[in-house]
Amino acid sequence: MASILTRSAIVAPKNFNRWLIPPAALAIHLCIGQVYAFSVFKIPFMTHFDTGEVSIGWIFSIAILMLGISSAVFGPWVEKNGPRASMVAAGTCWVVGFFIASLGIVAGQLWLVYLGYGVIGGIGLGIGYISPVSTLMKWFPDRPGLATGLAIMGFGGGALIASPMSNQLMALYGGGAEPEHLVAGLTPTFVTLGIVYAVVIAAGAFVIRVPHPEWTPKGFDPSKVEAKPMQTKGNVSVRNAIRTPQFWLLWGVLFLNVTAGIGILENAAPMIQSYFGITAAAAAGFVGLLSIGNMGGRFIWSTTSDYLGRKNNYMMYLGVGAILYLVVALFGGGSIFLFVLATLIIISFYGGGFATIPAYLKDLFGVYQVGAIHGALLTAWTAAGVAGPLIVNSVVEAGEAAGKEGPELYTPGMFIMVGALVIGFIANVLVRPVSEKYFEREEDVAAKQAAALEEN
């Protein structure tokens with residue numbers, strides 16, 4: 001069994017169709033993207049465990065925290081052992097997390113849900129998120145933005161599948177759509193999801209391959225590719241990458257872009273209701289629209305970065321994003337069309353930032369250990385996942401205490417996000433090509449890659 005998981009076992013023949021790889025990568029991202037649909041379980045969990053929003057919210061928070069930690073810790077392991085082994089490891093953690101959470105539901109022990117879905121499932125999230133990234137960029141050296149966008153789009157879109165599916169399963173197993181029926185359907189729903197995700201991830205892991213050392217895309221000659229200002233032809237190890245100013249500038253850029261996006265995502269429904277007094281059902285439709293924007297942005301903007309350049313794309317995410325936040329803060333309350341359009345574009349930039357960052361890292365640090373470098377950078381996501389909601393929720397609570405209502409509750413938070421994006425814009429401007437002193441010697445890179453294949 002071990003032999004079929006090793007990197008050497010999944011080297012593709014020279015005539016392998018590379019377009020089979022994005023669906024394999026998409027398989028795991030569609031599964032682990034379910035974490036964005038966790039809110040559908042919030043009320044049934046609160047009812048079942050007889051506890052409040054904060055206690056249940058910690059399940060999601062722990063999962064995202066572990067995503068950032070595990071992607072950083074296991075990044076080098078993922079690079080060494082290859083995408084199949086890492087996808088199997090990620091899938092195992094993710095599925096086992098669902099089963100342990102199911103035990104917690106049956107036993108009435110919330111700590112088991114924290115352990116299962118939060119800790120163990122969160123480890124699967126981190127490994128699964130980064131596992132196909134460097135592989136895709138090796139298969140698409142001519143279009144790395146397109147490649148990563150195809151896979152990471154799945155993480156944003158996973159909730160579009162998981163949310164209605166989870167609701168329908170709870171209603172089916174519980175015998176109805178009433179809250180008490182949904183609670184009754186929790187356990188079999190978690191078990192069913194675990195089984196479905198096990199099958200889909202296993203299928204993706206079976207298909208995944210790494211390119212043959214002598215393979216190149218048809219008509220693509222690396223030696224004839226025109227060098228671009230922000231693209232290096234060298235390779236930097238993860239050990240050296242985290243010592244460069246470029247890494248920490250990009251850490252700040254990702255942190256600030258994600259903080260601004262989460263500021264809207266986490267409060268989308270109550271925000272639009274406060275602005276325009278619409279129904280809960282209409283607010284839910286707005287949340288669904290934002291999910292589509294998040295998913296579409298991951299593919300569209302990352303693909304355009306192949307032509308515009310990663311740095312230029314981030315100029316747009318941060319610069320135009322700041323302007324749109326300012327528009328919402330000053331004029332959004334007067335027009336629901338303007339509000340929806342502006343927030344939809346902001347969220348598309350949020351998704352685009354996630355999908356573009358792996359290719360940006362590849363441009364700066366080379367493809368050698370880009371998966372591990374990406375994993376280390378994702379700690380910015382973990383930090384933003386705490387900072388974004390904390391900023392907006394604190395502003396709203398302070399506004400409520402002061403007797404404010406409607407748009408006034410959110411306007412100060414909007415101005416804070418404008419400032420955050422402006423700082424991110426400046427950080428992105430400061431990014432320069434990595435100094436050659438951080439490069440690995442090419443013969444050392446080749447020797448380490450050959451040794452890894454022999455070891456496996």
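See the structure above.
Residues numbered from 1 in each chain as written. Predicted model: local features only at pLDDT ≥ 70, side-chain atom pairs only at ≥ 80, totals over all residues. Heavy atoms only, no water.

Visitor: Sorry if this is basic, but what is going on with empty space enclosed by the protein here?
Guide: Over the atoms rolls a probe the size of a water molecule, and its path tells where empty space is left. For the structure shown, the criterion picks out three cavities of 30 Å³ or more. Counted as a void, the largest cavity has a volume near 60 Å³. What lines the largest cavity is simply Gly 263, Ile 264, Met 271, Tyr 325, Val 392, Tyr 410, Gly 413, Met 414 and Met 417. For the lining of the largest cavity, the elements supplying multiple residues, two or more each, are helix H10 (245-265) and helix H17 (411-429). Counting residues per element, the lining of the largest cavity draws most heavily on H17, at three residues. When its residues are assigned to classes, the lining of the largest cavity shows seven nonpolar, two polar and no charged. (1 Å grid on protein atoms, 1.4 Å probe; cavity = no way out; pocket = protein on both sides within 12 Å on 5 of 7 lines; lining within 4 Å. Points joined across faces, edges and corners; volume = space filled by probe spheres on them. Helix = DSSP H or I, 4+ residues; strand = E, 2+ residues; numbered from the N terminus. Nonpolar A, V, L, I, M, F, W, Y, C, P; charged D, E, K, R; others polar.)

Visitor: Would you take a moment to explain the side chain of Glu 440 for this structure?
Guide: Within the secondary structure, Glu 440 is located in the loop between H17 and helix H18 (442-455). Polar contacts involving the side chain of Glu 440 include one to the side chain of Ser 237, which spans 3.3 Å. (Polar contact = N/O pair within 3.5 Å; in protein donor to acceptor, adjacent residues only side chain to side chain.)

Visitor: Which parts of the structure should I look at to understand the packing of aromatic side chains?
Guide: Each aromatic ring pair is characterised by the separation of its centres together with the angle its planes make. Tallied over the entire structure, the rule returns 34 aromatic pairs. When the ring of Phe 98 is compared with that of Phe 190, the centres are 5.3 Å apart and the planes differ by 45°; the resulting orientation is tilted. A residue pair is termed long-range when its members are at least 10 positions apart, and Phe 98 in helix H3 (residues 53-107) and Phe 190 in helix H8 (residues 186-207) qualify at 92 residues. With relative accessibility at 0%, the residue Phe 98 sits in the buried group. By relative accessible area, which is 0% here, Phe 190 ends up buried. Between Phe 354 and Trp 381, the ring centres sit 4.6 Å apart and the planes meet at 55°, which makes this aromatic pair tilted. Highlighted residues: Phe 354 in helix H14 (residues 336-365) and Trp 381 in helix H16 (residues 379-401), separated in sequence by 27 residues. Through successive ring pairs, a cluster of aromatic residues spans Phe 38, Phe 41, Phe 45, Phe 49, Trp 94, Phe 98, Tyr 117, Phe 190 and Tyr 197. (Phe/Tyr/Trp six-rings, centres within 6.5 Å; stacked < 30°, edge-to-face > 60°. Buried < 20%, exposed > 50% of the residue type's maximum accessible area, 1.4 Å probe, protein only.)

Visitor: Sorry if this is basic, but what is going on with the packing of H14 against helix H15 (residues 370-377) here?
Guide: Helix packing geometry: the angle between the two helix axes and the distance between the axes. Where H14 meets H15, the closest approach of the two axes is 10 Å, and the angle between their N-to-C directions is 125°. Put simply, H14 runs oblique to H15. Both H14 and H15 take part in a crossing whose hand is right-handed. Contacts between H14 and H15 pair Ile 357, Pro 358, Leu 361, Lys 362 and Phe 365 from the former with Val 370, Ile 373, His 374 and Leu 377 from the latter. Its residues assigned to classes, the contact of H14 with H15 shows seven nonpolar, one polar and one charged. (Axes fitted to C-alpha atoms, helices over the stretch in contact; angles between N-to-C directions. Parallel < 35°, antiparallel > 145°, perpendicular 65-115°, else oblique. Left-handed = near helix turned anticlockwise from the far one by under 90°. Contact = heavy atoms within 4.5 Å.)

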